[in-house]
Amino acid sequence: MTGPARTLLPTATGRETWAALRSEFARLPGLSAATVALLVAAAAGGLVAPWVLGRLVDDVIAGAGTDRIVRWATVIAVAAVAGGVLTAAGATVSARLGETVLARLRERVMDRALHLPSATLERTGTGDLVARTGDDATVVASAITGGGPLFVGALLSVVLTAGGLFALDWRLGLAGLVAAPAYALALRWYLPRSVPYYARERIASGERAQALAGALRGAATVRAYRIEETHVANVAARSATTRDLALDVFRIYTRFASRMNASELIGLAAVLIAGFLLVREGMGTVGAATAAALYFHRLFNPIGLLLLEADTILQAGASLARLVGVAALPPLAPPASIEESLGVATLEVVVGKHRYDDGPVVLADVTLRLEAGSRVALVGASGAGKTTLAAIAAGIVAPSEGTVRLGGTPLDELGEVRTRQRIALISQEVHVFAGPLADDLRLARPDATDQDLLDALDLVGATGWFRALPGGLATHVGEGGHRLTAAQAQQLALARLVLAGPEVAVLDEATAEAGSSGARDLERAAAAATAGRTTLIVAHRLTQAAAADRVLVLDQGRVVEEGSPAELLRAGGRYSELWAAWSG
């Protein structure tokens, strides 16, 4: 059966990204003002030396004495020291401002990520989200502390130096503007080509992260089925795509740099020629022409820095747009005021049709009703649609056409938070969080006492291995700690279910990873954890279906049989065939 096609989380537009930045800067008015003042002062300090050198040339030509030359040299030295101090202070303050803004943005991104609707995560997978909170945040942080302040400083230097050139002599300023069309044409050629590449590069990075995360999460299964080469080839293909995009960007960048060099040549030649003509006609001084040439030459380094850091800034811009895209997601709306059920509830699922995006129909004409406190099992061959129906029943996936009601209330009216409180899904992919066992259990009920935790573990039959733990509830489990077996991890998940106390439990092949040796123990644990609850079971073993009140047999996305296990055995249909194959 076709699975869900992966889609990406939203990416903010340029306007939305700038609006988010302005909003954050407005929250820090003092720090923002200090940053601007220091960066402007540092850039302005760089204008002193060319102007003084121009005056020095005129004084030398006029026959000024040594004292005047020493005085001008002192001014240049003091300006250089002051410029260095201001530049360092500006970089420090701007980095602090940027890190503060990024920290707040990260907090919002993590808040939205942790509260994403289950259906959204089902569509997008974790790779795109991991790439945004990891790779993209790192790229932005690097730009803030490294290339960002340099880029802003260089940009201010270009603007102020151009202003200084016009202040020196407007005719020399106009001569410098001869290079403007060449610069504009170079940028017009570069930006439309580079920006889409950077966006595609970040998307490719997310796809690579998804491929890596999928292979690592399922490493044991990959090895068991000896499909390592297939997954390595998939990761290699995604990595090759990322590499090729980076090389394409570099080729575009080098061609852009050559265009900028030509623009510099045009501008400097124009200023020198204009200065020569002005001096010859007696309309300007040699010092003014010298200062103008130095001003324009001084543009080379800032413009070169802008070029060198353009990669960093554009990458950071693409990454920042991806972060803002998540941060700007609307928070979960509080659920409507609906009277809470105090016990078990009836669950009704009606699916006219369901497909993933534009794919084929995977479920059609399915009606499922779980009476309060009943146990219903879904049976069928692989690809019949059992997992999809379970996800719809749990509110993880919204049906393309249809409704899901809990106690008569549609799940979309209950809201994501309340749905998760009242319906719990346990699949065969159970995550053990790194940390003390008690913390892992209290994820389901933060106010649970130690005795509550022990009672839940005892109910699901985990007392045996729990007593063998060196630190009891304080034992660190998960990555870097005590490794739990697949069966123990499932018992841990079932203990969380007991602590959470949902009205409805959906078990999607939750005992499939136990292996035949622990299957019966785990089935008993599942039965104990769900006793008295409305329960939907995707049956991995037909012994689970045999203990259910009712069984639905799915085939190619449709219900082909429904009834009690005994009724279906007597009917001699599809269930009877599956039972005969299983028991035989």
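Higher on the page you've got the structure.
Calculation notes
Residues numbered from 1 in each chain as written. Predicted model: local features only at pLDDT ≥ 70, side-chain atom pairs only at ≥ 80, totals over all residues. Heavy atoms only, no water. Patch = residues over 30% accessible without salt bridge, like charges linked within 9 Å, V, L, I, M, F, W, Y side chains within 5 Å. Areas by Shrake-Rupley, 256 points an atom, 1.4 Å probe, with all protein chains shown as cover. Salt bridge = Lys/Arg side-chain N within 4 Å of Asp/Glu carboxyl O. Helix = DSSP H or I, 4+ residues; strand = E, 2+ residues; numbered from the N terminus. Buried < 20%, exposed > 50% of the residue type's maximum accessible area, 1.4 Å probe, protein only. Pairing = 2+ DSSP bridges. 1 Å grid on protein atoms, 1.4 Å probe; cavity = no way out; pocket = protein on both sides within 12 Å on 5 of 7 lines; lining within 4 Å. Points joined across faces, edges and corners; volume = space filled by probe spheres on them. Nonpolar A, V, L, I, M, F, W, Y, C, P; charged D, E, K, R; others polar. Phe/Tyr/Trp six-rings, centres within 6.5 Å; stacked < 30°, edge-to-face > 60°. Axes fitted to C-alpha atoms, helices over the stretch in contact; angles between N-to-C directions. Contact = heavy atoms within 4.5 Å.

## Quick look at a nonpolar patch on the surface
A grouping of Phe166, Trp170, Leu174 and Leu177 is seen on the molecular surface, where their side chains present a nonpolar patch of about 400 Å² in accessible area. Looking at the secondary structure, you find Trp170 in helix H7 (residues 170–176). The exposure class assigned to Trp170 is exposed, which follows from its relative accessible area of 53%.

## Observations concerning the sheet that holds strand E2 (residues 361–370)
Reading across the sheet, the 4 strands line up as E2-E1-E4-E5 and stay open at both edges, with antiparallel pairing between neighbours. Two strands in the sheet have a free side with no partner beyond their single neighbour: E2 and strand E5 (409–410). One ladder, built from 2 bridges, connects strand E4 (residues 401–406) with E5; its direction is antiparallel. Bridging across to E5, Leu406 finds its partner in Thr409.

## Quick word on empty space enclosed by the protein
Within the structure shown, the criterion is met by 2 cavities of 30 Å³ or more. Space inside the largest cavity adds up to approximately 50 Å³. Ala20, Leu21, Glu24, Val101, Leu105, Arg108, Leu320 and Val324 are the residues that line the largest cavity. Listing elements by their share of the lining of the largest cavity, those giving two or more residues are helix H1 (14–26), helix H4 (66–114) and helix H12 (300–327). Taken together, the residues of the lining of the largest cavity sort by class into 6 nonpolar, no polar and 2 charged. Estimated volume of the second largest cavity: approximately 40 Å³. Residue lining of the second largest cavity: Asp169, Leu172, Gly275, Leu278, Val279, Gly284, Thr285, Ala288 and Ala289, and that is the complete set. Mapped onto the lining of the second largest cavity, the elements with two or more residues apiece are helix H10 (228–280) and helix H11 (286–298). Looking at the lining of the second largest cavity, its residues break down into 5 nonpolar, 3 polar and 1 charged.

## Some details on the packing of aromatic side chains
Applying the stated criterion across every chain yields a total of 4 aromatic pairs. With a centroid separation of 6.0 Å and 85 degrees between ring planes, the pair formed by Trp51 and Trp72 is classed as edge-to-face. Here Trp51 is found in helix H3 (residues 48–61), whereas its partner Trp72 is found in helix H4, with 21 residues between them in sequence. Using a relative accessible area of 36% as the deciding quantity, one classes Trp51 as partly exposed. On the numbers, 4.1 Å between centres and 5 degrees between planes, the contact of Tyr190 with Phe256 is stacked. Separated by 66 residues along the polypeptide, Tyr190 in helix H8 (residues 180–217) and Phe256 in helix H10 bring together distant segments of the chain.

## Some words on the sheet that holds strand E6 (residues 423–427)
Ordered by their spatial adjacency, 6 strands build an open sheet running E6-E9-E10-E3-E11-E12, and the pairing between neighbours is mixed. The strands lining the two open edges of the sheet, one partner per strand, are E6 and strand E12 (558–563). In this sheet, adjacent strand axes meet at a mean angle of 15 degrees when their direction is disregarded. With 4 bridges connecting them, strand E3 (residues 375–379) and strand E11 (residues 550–555) associate as parallel partners. Each bridged residue has a counterpart across the sheet, and for Val379 the counterpart in E11 is Val553. Running over the sheet, helix H23 (residues 574–583) touches E3, E11 and E12 and is turned about 95 degrees from E11.

Worth remembering: the numbers are spatial, not functional.
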